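Reading the structure
For reference, the chains in residue letters:
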Amino acid sequence: MTDPTGWQLIEDWRNGVISDDDFVALQDLLREDPEARQTLRRSMTMDSALRDRAEAELLAVEADTEVVGKQTSDLSASNRPRWLSAAALIAVGLFAGCLCTGVAWAYANANSVSSIRLPVSLWNGGFESETESAASGYPDGPGFWSGDQVEVVESGHQGVSSFEGQRMLRFVQTWGDEPERRGARSNQWQIVELSGVETGGEKLMATLTARFNRIDAGPDTDTVFRIEIQAFSGDPSTAETQYDSDSHLSGTVLKKSTDGDPLTWEELEVTTSVPPETDFLLIGFYAHEDVVDDPPTAPEFAGHYVDGVELELSTINP
Ligand SMILES: [Ca+2]
Ligand SMILES: [Ca+2]
Ligand SMILES: [Ca+2]
């Protein structure tokens, strides 16, 4: 597809920042232009969760207009809810050990295969520990947050109540150790090892959820937050080089512009397939300077917070 407008519409949709009018324009374009549909499908190739979403939201038109070789993932929308088989629970539970903070059993219904919901917690996803960030830059192992300057603050900071517990994390600067260069985003990473997970041949999915909030400090207040999850093979110490070289096995990213109401938390959630050869997941969340990119030595975020970061692993029952 050579139409730059079409590319931009697809990119905005992928990042979750498309406007209502542009969404309608994108649907019209996809309805009328087979090449645009092909472009969208190709751009989804690495991401089964996005591909499912595209087919649910944007590519349904194909059923009426042409016969296509659909690259449909077998993780259909109706199968996507996060239910686990008993075998997967045992396998993941044994592996995860300290990662599991309360395994909740919930049988789907009497007519389905018995399934169990398994929330797998990241370390300190609620930021109730006073240790906010163990290192700067990429993590080289599991079990801690690492990235740019952040601080754990008490609930009520600048009029923002924590999403859960008594504390939350505030984005401070777009850099870690030294303000060496200009930056327009502040983020934190965490690695979750999966190399010991046995799923009994079932498809494994990972869902990342995070809640964001910000104050309204006037028209210059930045608005955009982002979450990201990627699956990699190999040793976790290779996370930085693999991420920089785009060597993920699968992954999903989502951006969202938030309101200026400090009383409401905005939720971002992404789901990605976890290929069998996955050894670890790289989890990330960001605040973007989408309105004004302040110099690195100036305050870069007026009051931008994250809380309630959760990772959930699930298998899809056939
Ligand atoms: Ca909290
Ligand atoms: Ca809000
Ligand atoms: Ca900046």
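So, how was this worked out
- Residues numbered from 1 in each chain as written.
- Chains lettered and ligands numbered in written order.
- Predicted model: local features only at pLDDT ≥ 70, side-chain atom pairs only at ≥ 80, totals over all residues.
- Heavy atoms only, no water.
- Donors = N, O, S within 2.8 Å, 3.2 Å for Na, K, Ca; no water.
- Helix = DSSP H or I, 4+ residues; strand = E, 2+ residues; numbered from the N terminus.
- Buried < 20%, exposed > 50% of the residue type's maximum accessible area, 1.4 Å probe, protein only.
- Core = buried A, V, L, I, M, F, W, Y, C linked by side-chain atoms within 4.5 Å.
- Contact = heavy atoms within 4.5 Å.
- Pairing = 2+ DSSP bridges.

Quick notes on the coordination of the calcium ion (ligand 1)
The protein atoms that coordinate the calcium ion (ligand 1) are G126 (O), E128 (OE), E164 (O), E164 (OE), R167 (O), D307 (OD) and D307 (OD), at distances spanning 2.2 to 2.8 Å. One chain supplies every donor to the calcium ion (ligand 1), and in sequence these donors are spaced G-x1-E-x35-E-x2-R-x139-D. Within this pair, whereas E128 is found in the loop between β3 (119-120) and β4 (135-136), its partner D307 is found in strand β14 (residues 304-316), the two being separated by 179 residues in sequence. Given the relative accessible area of 30%, E128 is considered partly exposed. Judged by its relative accessible area of 0%, D307 falls in the buried class.

Brief notes about the nonpolar core
The biggest cluster of nonpolar side chains holds 32 residues, and the ones touching the most others in it are L281 and F285. Mapped onto this core, the elements with two or more residues apiece are β6 (150-154), β7 (167-171), β9 (203-214), β10 (224-232), β12 (266-274), β13 (280-288) and β14. With five residues, the single largest contributor to this core is β9. In contact with F285, not counting residues within four places along its chain, are F127, W145, L169, F171, S186, N187, Q188, F212, R226, I227, V306 and V309.

So, the sheet that holds strand β8 (residues 185-193)
On the basis of which strands lie adjacent, the open sheet formed by six strands has the order β4-β5-β8-β13-β10-β11 and mixed pairing. The open sheet is flanked by β4 and β11 (250-257), the only strands paired with a single partner. Bridge count for β10 against β11 is eight bridges, and the pairing is antiparallel. Each bridged residue has a counterpart across the sheet, and for E228 the counterpart in β11 is V253.

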